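# Examining the three-dimensional arrangement
Given next are the chains, with one letter for each unit.
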Amino acid sequence: MATPTMERATPLAEPAPRISRERPAGGFELWSWLFMRLSGIVLLFLAVGHVLIMHVMDEGIDRVDFGFVAARWASPFWRTWDWAMLTLALVHGINGLRVIAQDYVRRPGARFAVNASFAILGFVLFVLGTVVVFTFDPSRWGAA
Amino acid sequence: MAKRRADVGTLYRGSPGQWSWLAHRVTGVAIILFLFVHVVDTAVVGWGPEAYERVSSVYHNWFVLLLELGLVAAVLFHALNGLKIMVFDFWPSTVRHMRPISAATTLVFVLAMVPIVWIMGGSVLEKLGWL
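What counts, and at which threshold
Residues numbered from 1 in each chain as written. Chains lettered and ligands numbered in written order. Predicted model: local features only at pLDDT ≥ 70, side-chain atom pairs only at ≥ 80, totals over all residues. Heavy atoms only, no water. Helix = DSSP H or I, 4+ residues; strand = E, 2+ residues; numbered from the N terminus. Buried < 20%, exposed > 50% of the residue type's maximum accessible area, 1.4 Å probe, protein only. Contact = heavy atoms within 4.5 Å. Nonpolar A, V, L, I, M, F, W, Y, C, P; charged D, E, K, R; others polar. Phe/Tyr/Trp six-rings, centres within 6.5 Å; stacked < 30°, edge-to-face > 60°. pLDDT = per-residue confidence, 0-100. Expected span 1.5 Å × (residues − 1). Bend = angle between axes of the 7 residues up to and from the residue. Axes fitted to C-alpha atoms, helices over the stretch in contact; angles between N-to-C directions. Parallel < 35°, antiparallel > 145°, perpendicular 65-115°, else oblique. Left-handed = near helix turned anticlockwise from the far one by under 90°. Salt bridge = Lys/Arg side-chain N within 4 Å of Asp/Glu carboxyl O. Patch = residues over 30% accessible without salt bridge, like charges linked within 9 Å, V, L, I, M, F, W, Y side chains within 5 Å. Areas by Shrake-Rupley, 256 points an atom, 1.4 Å probe, with all protein chains shown as cover.

## Considering the overall build of chain B
- Along chain B, the regular secondary structure elements total four helices and zero strands.
- Ordered by position in the sequence, the α and β elements of chain B form the string α-α-α-α.
- Counting across all 131 residues of chain B, residues that qualify as buried make up 38%.
- For chain B, the share of sequence-separated contacts (at least 6 apart) that also reach a separation of at least 24 residues comes to 66%.

Here you go:
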């Protein structure tokens, strides 16, 4: 065990002060820990890129209308981008809510209800988003 | 854990890690709540131009544009702070340099926000007729 280099005004409650951050020892929580980081790296590009393209550059959201979406989704590249972002962001976000619920929702029954509600909501939105991203066909309304 | 006298009246003694931990949670919750709404409003595109125009017209309101600026800030902060978390987690020895790394992360965030506030703030003022 390395010795801490910094002087502390008050003694730590833990018998051995830890220098690095905690990581789950194994099992589901370790996979969750790893998933949050890996999906985070991917979302760094997908979500930050999305936000900059759609909300900041070239008039931002003002130029986004039905025709804009139709032109954008004419390319399988953007459909794939949006679907990957949808999937990763939902799982990343709902897993994040689960981690937060571990801190603030103490009763096991209530925590289960909270987690189940978000999981169901996430699944419904995933299905809705997936169907729209892959079945959207602007020619039904005579648009390009 | 029992409170020590020195803890009373302080919020975790204000280390930068505590503040960014809190901000990471707050921005994360804000983003996922927006995402719940955003998946639905985007899905309306599958019901044709009229329905989509009606729903997406909400985004042309100046106050919603202001919230949108907040959303962009939240995404950017969450992304940069997440990157910082990964540096600490994958290279634990860097935790010793937490203060300068936190300061650098904040600096990058603030610098990135300058042009974004300029651009998006401009369109908020335009909507208000002040520009």
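## Some details on the interface of chain B and chain A
- With 43 residues of chain B at the interface, the matching set in chain A holds 46 residues.
- Those elements that place two or more of their residues in the side of chain B that touches chain A are α1 (16-43), α2 (49-56), α3 (62-90) and α4 (98-128) of chain B.
- The biggest single contributor to the side of chain B that touches chain A is α3 of chain B, with 13 residues.
- Per-class residue counts for the side of chain B that touches chain A are 30 nonpolar, six polar and seven charged.

## Remarks on the packing of aromatic side chains
- Scanning the model with the defined rule gives 13 aromatic pairs over all chains in all.
- Pairing Phe118 of chain A with Phe36 of chain B gives two aromatic rings, centres 6.1 Å apart and planes at 20 degrees, and the pair type is stacked. Of this pair, Phe118 of chain A sits in helix α4 (residues 108-135) while Phe36 of chain B sits in helix α1, placing the two residues on different chains.
- By relative accessible area, which is 9% here, Phe36 of chain B ends up buried.
- Measuring from ring centre to ring centre gives 6.4 Å for Phe90 of chain B and Trp91 of chain B, while their planes differ by 90 degrees; the resulting arrangement is edge-to-face.
- Of the residues examined, Phe90 of chain B reaches a relative accessible area of 33% and is grouped as partly exposed.
- The class of Trp91 of chain B is exposed, set by a relative accessible area of 54%.
- Put simply, the rings of Phe66, Trp73, Phe136 and Trp141 of chain A touch in pairs and so form one group of aromatic residues.

## Considering the confidence of the model for chain B
All names here are of chain B.
- Per-residue confidence for chain B averages 85 on the pLDDT scale, and 89% of its residues sit at or above 70.
- α2 is the least confidently modelled element of chain B, averaging 86 in pLDDT, while α3 averages 91, the highest of any element.
- Segment residues 6-10: pLDDT under 50, and three contacts once partners within four positions in sequence are set aside and those in other chains are kept.

## Some details on the environment of Ala89 of chain A
- Inspection of the secondary structure assignment puts Ala89 of chain A in helix α3 (residues 76-104).
- Discounting residues that sit within four places of it in the chain, Ala89 of chain A has contacts with Leu43 of chain A together with Ile32 and Leu35 of chain B.

## Examining helix α1 (residues 27-56) of chain A
Residues and elements named next belong to chain A.
- Here α1 spans 41 Å end to end across 30 residues, near enough to the 44 Å set by a 1.5 Å rise per residue.
- By the largest-angle criterion, Leu43 marks the main kink of α1, which is about 40 degrees.
- One or two positions beyond α1, positive phi appears at Asp58, with a value near 45 degrees.

## Some points on the packing of α3 of chain B against α4 of chain B
Residues and elements named next belong to chain B.
- Here α3 crosses α4 at 165 degrees, and the two axes come no closer than 9 Å. Relative to α4, α3 is oriented roughly antiparallel. Crossing angle aside, the handedness with which α3 passes α4 is right-handed.
- Classifying every residue of the contact of α3 with α4 gives 21 nonpolar, four polar and three charged.

## Examining α1 of chain B
- In this model α1 of chain B runs 40 Å from its N-terminal to its C-terminal C-alpha over 28 residues, within 8% of the 40 Å that 1.5 Å per residue would give.
- Those residues of α1 of chain B not exposed but buried are Ser20, His24, Arg25, Thr27, Gly28, Ile32, Leu35, Phe36, His38, Val39, Asp41 and Ala43 of chain B.
- Residues of α1 of chain B that are buried in the fold lie against α1, α3 and α4 of chain A together with α2 and α3 of chain B.

## Some thoughts on the pattern of salt bridges
- Within the structure shown, the criterion is met by four salt bridges over all chains.
- Asp82 of chain A serves as the salt-bridge partner of Arg72 of chain A, at 3.7 Å between the closest nitrogen and oxygen. With Arg72 of chain A in helix α2 (residues 66-72) and Asp82 of chain A in helix α3, the pair connects residues that are ten residues apart, well separated along the chain. The same class applies to Arg72 of chain A and to Asp82 of chain A, which are both buried.
- For Arg25 of chain B, the salt bridge goes to Asp103 of chain A, with nearest N and O atoms at 2.7 Å. With Arg25 of chain B in helix α1 and Asp103 of chain A in helix α3, the pair connects residues from two separate chains.
- Arg25 of chain B sits in the buried class, given a relative accessible area of 14%.

## Structural notes on a nonpolar patch on the surface
- Side chains of Leu38, Ile41, Val42 and Phe45 of chain A together with Phe90 and Trp91 of chain B sit close together on the surface and give an oily, nonpolar patch of about 610 Å² of accessible area.
- Looking at which element gives the most residues to the nonpolar patch, the answer is α1 of chain A, with four residues.
- Mapped onto the secondary structure, Ile41 of chain A falls in helix α1.
- With a relative accessible area of 35%, Ile41 of chain A lands in the partly exposed category.

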